[in-house]
Amino acid sequence: MSSRASLKASNSSSSSTSKYFLGIDFGTSGARVTVIDDAGSTAADHKQGYGPDGAADWAAAWERVLFELVAALPQDVVANVGAVALDGTSATAMLVDAATGRQLAPPKLYNEAQGAEAVAAAKAIAPASHTATASTSTLCKLLAWHQAGTWQAAAAAGAHPRLMHQADWLAYLLHGRPDVSDWNNALKLGFDPAAEAYPQWLSSQEYALLFPSTVVAPSAPVAAVTAAAASRTGLPRSCMVCGGTTDSIAAFVAAGVSQVGEAVTSLGSTMAVKLLSEERVDDAAYGVYSHRLGDSWLVGGASNTGGAVLRQHFSNEQLQQLSQRINLAQPLGLDYYPLVGPGERFPVNDPGMQPRLMPRPDDDALFLQGMLESMSRIEAQAYQLLAQLGASKVTSVLTAGGGAVNDKWTAMREAALGVPVRPAQQGEGGLLCVV
């Protein structure tokens, strides 16, 4: 699991009487719960994988882990939780009976690309290059169910079909409202967070009756926990369930970003960049889109370069040893473009781009230096492209992921970017909730 949830609350009538605030992050392979107190200090923290049965029944695994995570916390802490919020993987879609919460079809996960027919249907109604037209978007997943007649058959059988995102459904298990989503999760369905409404091209569709009818700001109060959820978890009936977000947004907030121009680069298997901007930027050609975060916009994109290509050539031990031998005073300037395989989207849109790692020096330390220098250059190009597309200029970069611990790489990146680079406050995800 790559993310962690933490929850912070303020401006709450309950915060003066409630002691703790709880956040749960559902990532790709497991989930994590964190509880903080009024001062923002961590009071409890626990993580758990989905187990080998997860893929057989994702919804059952998510529900089981949700309640097991809460059960793993100290009882006196749970009994004094004033607010809770959850995040989930972006565009993980569920078709649910709104009357019972029963699954009407297996969930479609965040990375499940839909077929050409669904993508074509999305492109036929959405503006050009809209993020909802990507094959993995929530809209394309709904269209696949629509084209297969899945929701129609369920309705004919007496069910009340409702589209929900993973985070929506998990929150529903606590507050009982099947009609609520948030700005961030609803973005890839086609919701417009600037207008705070579904656009006419979307709301006029036959299947619009499946949409969450209430879309709130992340962290906005939604409803108190139900009597059943309180009994099952030990949470007080006064505990407020808040609007959620996606796991990637949670990670950005956890990094400690608060000012326009601040950014987070996640150096995992790929290189993902996210920048807090005054202006909204969307460009599907480069995979760039914006989430609303308060009164600002979180603009992001992801390159296929990153840690995965380093792993192709070096072990962890080799990376540590070879990095120590790099001489920063003698940059190599090799014109590399490190990729695992063909294809790049951001900051260069070239599906046929080939990995470029020649010439290779005989000394592995020099080879590694050339790769890290090139990745630093690509990162700088990424932020330059965001600025060219209209985003705010980057002023500082926080680093999440495994690459954050490599001091030599950090120095190269700082030189290429021309702004301060430092580790994120938390290398894992987080969720800021104001209730």
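Here the structure is a predicted model, which means the values were calculated and not measured.

**A short note on the nonpolar core**
In this structure, Ile 24, Phe 26 and Trp 169 are the most contacted members of the largest nonpolar core, which totals 39 residues. Secondary structure elements with two or more residues in this core: strand E1 (20-26), strand E2 (30-37), helix H1 (58-71), helix H2 (75-78), strand E4 (81-88), strand E5 (93-97), helix H6 (166-175) and helix H9 (227-233). For this core, the element with the highest residue contribution is H1, accounting for 8 residues.

**Some thoughts on the confidence of the model for the protein**
Residues at a pLDDT of 70 or more form 94% of the protein, whose mean pLDDT is 91. Contacts for the low-pLDDT stretch residues 1-16, under 50 throughout, to residues beyond four places or in other chains number 66 contacts. pLDDT under 50 marks residues 430-435. Its contacts with residues more than four places away, or in other chains, come to 42 contacts.

**Considerations on the sheet that holds strand E16 (residues 396-400)**
Reading across the sheet, the 6 strands line up as E14-E15-E13-E12-E16-E17 and stay open at both edges, with mixed pairing between neighbours. Two strands close off the open sheet at either side, each with one partner strand: strand E14 (289-293) and strand E17 (421-423). Looking at each pair of strands side by side, their axes are set apart by 25° on average, direction ignored. Inspection of the sheet shows strand E12 (residues 262-267) paired to strand E13 (residues 271-277) by 5 bridges, in the antiparallel sense. Counted as the bridge partner of Ser 266 is Ala 272 from E13. Contacts from helix H14 (residues 407-417) reach E12, E16 and E17 within the one sheet, and its direction differs from that of E17 by about 145°.

**A closer look at the packing of helix H3 (residues 116-125) against helix H4 (residues 138-148)**
Where H3 contacts H4, the axes come no closer than 8 Å and their chain directions differ by 115°. Relative to H4, the element H3 is oriented roughly perpendicular. Two packed elements cross with a definite hand, and for H3 against H4 that hand is right-handed. Contact residues: Glu 117, Ala 118, Val 119, Ala 121 and Ala 122 in H3; Leu 139, Cys 140, Leu 143, Ala 144 and Gln 147 in H4. Class assignment for the residues of the contact of H3 with H4 results in 8 nonpolar, 1 polar and 1 charged.

**Considering the pairing of E1**
Summarising burial for E1: 7 of the 7 residues are buried, a large majority. Side-chain alternation along E1 places Tyr 20, Leu 22, Ile 24 and Phe 26 on one buried face and Phe 21, Gly 23 and Asp 25 on a second face that is also buried. Bridge analysis of E1 against E4 gives 6 bridges, and the strand direction is parallel. Looking across to E4, one finds that Asp 25 is bridged to Asp 87. Pairing geometry for E1 and E2, over 7 bridges, is antiparallel.

**Describing H1**
Along an α-helix, a turn takes 3.6 residues, which lines up residues three or four apart on a common side. With 14 residues, H1 ought to run about 20 Å at 1.5 Å a step, and its terminal C-alpha atoms sit 20 Å apart, in line with that. Residues of H1 that are buried include every one of Ala 59, Ala 61, Trp 62, Val 65, Leu 66, Phe 67, Leu 69 and Val 70, and no others.

**Some remarks on the environment of Asp 38**
The residue Asp 38 is located in the loop between E2 and strand E3 (42-49) in this model. Sequence separation between Asp 38 and Tyr 20 is 18 residues; the distance between their C-alpha atoms is 6.4 Å.

**As for the pattern of salt bridges**
Going through the model one piece at a time under the given rule, you end up with 11 salt bridges. The salt bridge involving Arg 325 is made with Asp 363; its shortest N-O contact spans 2.8 Å. Residue Arg 325 is found in the loop between helix H12 (316-324) and helix H13 (364-388), and its partner Asp 363 is found in the loop between H12 and H13; the two are separated by 38 residues along the sequence. One connected set of salt bridges, linked through shared partners, spans Asp 192, Arg 280 and Asp 282.

**Examining empty space enclosed by the protein**
In this approach a probe as big as a water molecule rolls over the atoms, and the regions it shows empty are the leftover space. Applying the stated criterion across every chain yields a total of 1 cavity of 30 Å³ or more. The volume enclosed by the largest cavity comes to roughly 80 Å³. What lines the largest cavity is Leu 86, Ala 167, Asp 168, Ala 171, His 175, Val 180, Ser 181, Asp 182, Val 222, Cys 242, Gly 243 and Gly 244. Looking at the lining of the largest cavity, the elements that each hand over two or more residues are H6 and strand E7 (180-182).

**Examining the packing of H12 against H13**
Between H12 and H13, whose axes approach to 9 Å, the crossing angle comes to 90°. Comparing the axis directions of H12 and H13 gives the class roughly perpendicular. Every residue of H13 that contacts H12 at Leu 319, Leu 322 and Ser 323 is listed here: Asp 364, Ala 365 and Leu 368. The residue inventory of the contact of H12 with H13, partitioned by class, reads 4 nonpolar, 1 polar and 1 charged.

**Re the side chain of Glu 373**
Examined against the element boundaries, Glu 373 turns out to sit in helix H13. Despite its burial, Glu 373 pairs with no opposite charge; the closest candidate is Arg 377, at 7.2 Å N-O. Within the structure, Glu 373 has its side chain in polar contact with the backbone nitrogen of Gly 333 (distance 3.0 Å). Setting aside chain neighbours within four positions, we find Glu 373 in contact with Pro 331, Leu 332, Gly 333, Leu 334 and Met 412.

**Describing the packing of aromatic side chains**
What describes a pair of aromatic rings is the distance from one ring centre to the other and the angle between the planes of the rings. Throughout the structure, instances matching the rule amount to 8 aromatic pairs. Ring-pair connections join several aromatic residues into one group, and the members of that group are Phe 26, Tyr 50, Trp 58 and Trp 62. Seen from the ring of Phe 67, Arg 232 lies directly overhead, with NZ or CZ sitting 3.7 Å from the centre.

**Remarks on H14**
Among all positions in H14, only Trp 409, Thr 410, Met 412, Arg 413 and Leu 417 are buried. The arc that holds the buried residues of H14, viewed along the axis, is 160°, so those residues lie on one side. Projecting away from the buried face of H14 at angles above 90 degrees are the exposed residues Asp 407 and Ala 415. Each element contacted by the buried residues of H14 is listed here: E12, helix H11 (307-313), H13, E16 and E17. Where H14 starts, the residue carrying a side-chain oxygen 3.1 Å from the main-chain nitrogen of Lys 408 turns out to be Asn 406.

The rules behind these values
- Residues numbered from 1 in each chain as written.
- Predicted model: local features only at pLDDT ≥ 70, side-chain atom pairs only at ≥ 80, totals over all residues.
- Heavy atoms only, no water.
- Core = buried A, V, L, I, M, F, W, Y, C linked by side-chain atoms within 4.5 Å.
- Buried < 20%, exposed > 50% of the residue type's maximum accessible area, 1.4 Å probe, protein only.
- Helix = DSSP H or I, 4+ residues; strand = E, 2+ residues; numbered from the N terminus.
- pLDDT = per-residue confidence, 0-100.
- Contact = heavy atoms within 4.5 Å.
- Pairing = 2+ DSSP bridges.
- Axes fitted to C-alpha atoms, helices over the stretch in contact; angles between N-to-C directions.
- Parallel < 35°, antiparallel > 145°, perpendicular 65-115°, else oblique.
- Left-handed = near helix turned anticlockwise from the far one by under 90°.
- Nonpolar A, V, L, I, M, F, W, Y, C, P; charged D, E, K, R; others polar.
- Expected span 1.5 Å × (residues − 1).
- Salt bridge = Lys/Arg side-chain N within 4 Å of Asp/Glu carboxyl O.
- 1 Å grid on protein atoms, 1.4 Å probe; cavity = no way out; pocket = protein on both sides within 12 Å on 5 of 7 lines; lining within 4 Å.
- Points joined across faces, edges and corners; volume = space filled by probe spheres on them.
- Lys, Arg positive; Asp, Glu negative; His and termini not counted.
- Polar contact = N/O pair within 3.5 Å; in protein donor to acceptor, adjacent residues only side chain to side chain.
- Phe/Tyr/Trp six-rings, centres within 6.5 Å; stacked < 30°, edge-to-face > 60°.
- Lys NZ or Arg CZ within 6 Å of the ring centre and 35° of its normal.
- Arc of directions from axis to C-beta.

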